Amino acid sequence: LSNKRKSVICDIDGVILHNNDLVPGADRFVHRLLEQGSKLLFLTNYPAQTQKDLQNRFRSAGIEVPEECFYTSAMGTADFLKRQDGKKAYVIGEGALTHELYKAGFTITDIDPDFVVVGETRNYNWTMMQLGAKFVDQGARFIATNPDTHGPMMHPACGALCAPIERMTGKKPFYVGKPSAWIIRAALNRMEAHSDDTIIIGDNLRTDILAGFQAGLETVLVLSGVSKVADIDRMPFRPNHIFDSVVDIDIV
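The rules behind the values
Residues numbered from 1 in each chain as written. Predicted model: local features only at pLDDT ≥ 70, side-chain atom pairs only at ≥ 80, totals over all residues. Heavy atoms only, no water. Core = buried A, V, L, I, M, F, W, Y, C linked by side-chain atoms within 4.5 Å. Buried < 20%, exposed > 50% of the residue type's maximum accessible area, 1.4 Å probe, protein only. Helix = DSSP H or I, 4+ residues; strand = E, 2+ residues; numbered from the N terminus. Contact = heavy atoms within 4.5 Å. Pairing = 2+ DSSP bridges. Axes fitted to C-alpha atoms, helices over the stretch in contact; angles between N-to-C directions. Phe/Tyr/Trp six-rings, centres within 6.5 Å; stacked < 30°, edge-to-face > 60°.

Participant: Any chance you could break down the nonpolar core for me, citing the residues and the numbers?
Facilitator: Generally speaking, nonpolar side chains in soluble globular proteins are found buried as a group. If you look at the biggest cluster of nonpolar residues, it comprises 32 residues, and the most contacted ones within it are Ile 9, Tyr 71, Leu 81, Leu 101, Val 117 and Ile 184. Those elements that place two or more of their residues in this core are strand 4 (40–44), helix 3 (73–82), strand 6 (88–92), helix 4 (95–103), strand 8 (115–118), helix 7 (181–191) and helix 8 (205–215). No other element matches the 8 residues that helix 7 contributes to this core. Setting aside residues up to four positions removed in sequence, Ile 184 forms contacts with Ile 9, Leu 43, Ile 200, Ala 211, Ala 215 and Leu 217.

Structure follows, in structure tokens:
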């Protein structure tokens, strides 16, 4: 590694927090990065919390982080759609996703939308599935915040909510979140950082590490979450570094 201070993109769940509990020592790691002036962005695929929600979640766990240090797949989806033609969206998701789309100038509607945007919601129902499939079938572009199929307790996540619409229409959504290289580039733009000087820290080989690999970042796998040592040999790519936890990371 060069001596140049690295910028850091870091996942949240399984890396810094388990549910709302601190991964032991993660607070010291985060505060060290902030004190030494490293560019730091927490990048999460979970689209149902705003920056303020995430800041409060960290605060409750004893970590004080500026609001602008958070970037979600909902924010990434709004940034992606701003670059496309069309300003009307049919949205299946919670308030945080709707909030980001409103901020980006979108009209949320079930009348002739340009996009069907799927995030995560516990209120998924037959009508959402039917309208989403109908609009996609009629030519609305199918966009989803993240490909995760389920959370830790088998809560259905975005990929699972997209599956019926996909089966009904034969069309796959564009997934904005990790492992898409798109969201990594969006995160780098947000930080004003460059891929050559940035590491990504995550607990999931299939999302965090694959995204970093595809975007040309140095990758750091921590074993405090989803992926275990045995999973590494099953992948066609390797993380650059492996640590038990963020508390052990000595390269930034």
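Structure shown, so let's carry the discussion forward.
Participant: Account for the sheet that holds strand 9 (residues 141–144), with residues named and values stated.
Facilitator: Spatial ordering of the open sheet is given by 7-6-8-9-10, a layout of 5 strands whose pairing is parallel. Every interior strand has two partners, whereas the edge strands, strand 7 (107–108) and strand 10 (174–175), have only one. Direction of pairing for strand 9 relative to strand 10: parallel, over a ladder of 2 bridges. From the neighbouring strand, Ala 144 faces strand 10, where its bridge partner is Tyr 175. Of the strands in this sheet, strand 6, strand 7 and strand 8 are in contact with helix 4, which crosses strand 6 at around 170°. Seen against the sheet, helix 6 (residues 158–169) touches strand 6, strand 8, strand 9 and strand 10 and runs at an angle of roughly 160° to strand 9.

Participant: Describe the packing of aromatic side chains, with residues and values.
Facilitator: In this structure the tally under the stated criterion is 8 aromatic pairs. Centroid distance Phe 58 to Phe 70: 4.9 Å. Interplanar angle 80°. Geometry classified as edge-to-face. Within this pair, whereas Phe 58 is found in helix 2 (residues 51–60), its partner Phe 70 is found in strand 5 (residues 70–72), the two being separated by 12 residues in sequence. Given the relative accessible area of 0%, Phe 58 is considered buried. Plain terms: the ring middles of Phe 80 and Phe 174 are 4.8 Å apart, the flat faces sit at 25° to each other, and that makes the pair stacked. Of this pair, Phe 80 sits in helix 3 while Phe 174 sits in strand 10, and the two are 94 residues apart along the sequence. Classification of Phe 80 by relative accessible area gives buried; the value is 11%. By way of ring pairs, the aromatic residues Phe 42, Phe 58 and Phe 70 are connected into one cluster.

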